[in-house]
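Residue-level structural notes
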Amino acid sequence: MSKNGISRRRLLGGAAAVAAPAAIGLSGLLGRDSSAGAAVAAEPPTHAGHGAFPHATFAAGSTVDHRANGFDPTEILRDFDYGSTRRLASGRVLREWEIVAHDKEIEVAPGVKFEAWTYNGRVPGPTLRGREGELLRIRFVNASEHPHTMHFHGIHRAAMDGMPGIGEMGGGGQVEPGESFSYEFDASPFGLHLYHCHVAPLAAHIARGLYGAFIIDPKEGRPEADEMVMVMNGFDTNFDLANEIYAVNTVGFHYINEPIAVKRGELVRVYLVNALEYDPLNSFHIHGNFFQFYPTGTSLTPSEYTDTVIQGQGQRGILEFEFPFDGDYMFHAHVSEFAELGWTGFFRVGDPTKLTAAAAAAAYCELPWGGKAKA
Ligand SMILES: [Cu+2]
């Protein structure tokens, strides 16, 4: 499948099988494909003492340039975009946003660049948040070089569905470069939804980065909590229809580098969305803890008390938990292959001194493809 003969599965299996003595780090492999838009990777430094595997993610002086990306996964986590509101004559609240699509190169692991298509310059797009019963209006401007739409999950008229071929007469449907369209619908039902482009080839438009979380709060709200959004995603950096990097909120291993700080005994609420393409399933597993799970967030009563949830493409749910003990607690895809290709992070509870993230990352350093630990 792969144009350059290097697939991520060969990367994992092959590296383990031959215990490759040469420096064949992830970014080095991904950088081989010189076709348009392919990953361009700097030569990763090697790390003596752990075989000759380079550490693409945590090598000294080699981290993702969040400033150049224009977004930081640590900030995306708790960044909820409430838009602007005004009250209509009817007394109802109108909530409005402007979303601009444009093409942008982003760095999804140190030295691994990806020609993304973005909503408002970030991947995932902004987490749009409103309240049940409001009137929502999203002005979409297509400043990209490709046709796009915004397709919202929710209950609305066909013309507001962001589907090419439907609503063209009213300016909806496919939105061509330089054009714009305003989607308008009721905030219904409450829950955790998503939005994404719906132009064909669909998987490609979504996988380029055109997706985001969409939260509708119930009228009565939810209990006070430390809230965060996690959009599970992946990146097909060599365009062979398979992902090479997996992550939460785009940057592989980001939350090992910067563990998510939470307080012991405080309710944490995670809005978990699976935006992954090319792999039918994704999952979330938490260490040292269990969570209440609310599928799609459409009920205030949890369906399950568990430590692992599986999600298909487009599936999402709300997790609630609190940590009874201080410490560093891993969370990761229980699709282990994804975990080793970036989809792993840590919660840091309290001010732990027993285990540092650096120590945890160092333990990870022994993995076959090596691309991790801090020296
Ligand atoms: Cu698109």
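That block above? That's the structure.
Residues numbered from 1 in each chain as written. Predicted model: local features only at pLDDT ≥ 70, side-chain atom pairs only at ≥ 80, totals over all residues. Heavy atoms only, no water.

1. What about the overall build of the protein chain?
Note the following rule: Runs of H or I in DSSP of at least four residues are treated as helices and runs of E of at least two as strands, each being numbered from the N terminus. Note on classification: 1.4 Å probe, protein chains only; a residue is buried when its accessible area is under 20% of the maximum for its type, exposed when over 50%, partly exposed between these limits. In what follows, residue pairs with any heavy atoms lying within 4.5 Å of each other are defined as contacts. With residues, only the protein chains shown are counted as cover, and all accessible areas are computed by Shrake-Rupley using a 1.4 Å probe.
Each helix and strand in the protein chain was counted, giving eight helices and 21 strands. Across the 375 residues in the protein chain, those meeting the buried criterion constitute 55%. Sequence separation of 24 or more characterises 72% of the internal contacts of the protein chain that already satisfy a separation of 6 or more. Counting every atom, the protein chain has about 14,800 Å² of accessible surface; 54% of that belongs to carbon and sulfur.

2. Quick notes on the coordination of the copper ion
Counted only if it meets this: Donor atoms: N, O and S within 2.8 Å of the metal, or within 3.2 Å for Na, K and Ca. Because water is excluded, sites can look incomplete.
Taken together, the protein donors to the copper ion comprise His148 (ND1), Cys197 (SG) and His205 (ND1), at separations of 2.0 Å. Positions of the donor residues of the copper ion along the chain correspond to the pattern H-x48-C-x7-H. Of the two residues, His148 sits in the loop between strand 6 (135-142) and strand 7 (151-152) while His205 sits in helix 5 (residues 202-207), which places them 57 residues apart along the sequence. Exposure class is identical for His148 and His205. Each is buried.

3. Quick notes on the sheet that holds strand 21 (residues 344-349)
Keep this limit in mind: The criterion for strand pairing is that DSSP finds at least two bridges linking the strands in question. Axis definition: a line fit to C-alpha positions, over the contact stretch in the case of helices; interaxial angles, taken between N-to-C directions, run 0 to 180 degrees.
Taken together, five strands build an open sheet; the order of strands is 13-21-20-15-18 and the sheet is mixed. Every interior strand has two partners, whereas the edge strands, strand 13 (260-262) and strand 18 (308-312), have only one. Direction aside, neighbouring strands of the sheet carry axes that sit 20° apart on average. Bridging between strand 13 and strand 21 involves three bridges; their strand directions are parallel. Looking at the pairing, Ala261 lines up with Arg348 of strand 21.

4. Observations regarding the nonpolar core
Across soluble globular proteins, nonpolar side chains have a tendency to be buried as a group. Heads up, the condition is: We call a set of buried residues a nonpolar core when its members are Ala, Val, Leu, Ile, Met, Phe, Trp, Tyr or Cys and they connect through side-chain atoms within 4.5 Å of each other.
Within the largest apolar cluster, 29 residues are counted, with the highest numbers of intra-cluster contacts made by Met228, Met230, Ile260, Phe284, Phe321, Trp343 and Phe347. With 25 residues, the next largest nonpolar core counts Phe71, Phe114, Val123 and Leu192 among its residues.

5. A few points about the side chain of Glu134
Applied cut-off: N or O atoms within 3.5 Å of each other form a polar contact, as long as, within protein, one can give a hydrogen and the other can take it, and as long as residues adjacent in sequence are counted only when both atoms are side-chain atoms.
Tracing the chain through its elements places Glu134 in the loop between strand 5 (127-131) and strand 6. Looking at Glu134, the relative accessible area reads 8%, which means it is buried. A polar contact is formed between the side chain of Glu134 and the side chain of Arg95, at a distance of 2.7 Å. What Glu134 contacts, discounting residues up to four positions off in sequence, is Arg92, Val93, Arg95, Phe185, Asp186 and Ala187.

6. With respect to the environment of His287
Within the secondary structure, His287 is located in the loop between strand 15 (281-286) and strand 16 (291-295). The spatial distance from the C-alpha of His287 to the C-alpha of Met330 is 5.4 Å, given a sequence separation of 43 residues. At 3.0 Å, the side chain of His287 forms a polar contact with the side chain of His332.

7. A word on unusual backbone geometry
A cis amide bond links Val123 with the next residue in sequence, Pro124, at an omega value of -5°. Structurally, Pro124 can be placed in the loop between strand 4 (112-119) and strand 5. Following Ser188, the chain continues into Pro189 via a peptide bond in cis, with omega recorded as -10°. Here Pro189 shows up in the loop between strand 8 (180-186) and strand 9 (191-196). Positive phi is not limited to glycine here, since Phe239 has a value of about 55°.

8. As for the sheet that holds strand 17 (residues 304-306)
Read across the open sheet, the six strands follow the order 12-11-14-19-16-17; overall the sheet is mixed. Pairing within the sheet leaves two strands with one partner each, and these edge strands are strand 12 (245-248) and strand 17. Pairs of neighbouring strands in the sheet enclose a mean axial angle of 25°, with direction left out of account. In this structure, strand 11 (residues 226-235) lies alongside strand 12, joined through four bridges in antiparallel fashion. Bridge pairing in strand 12 places Phe235 opposite Ile245.

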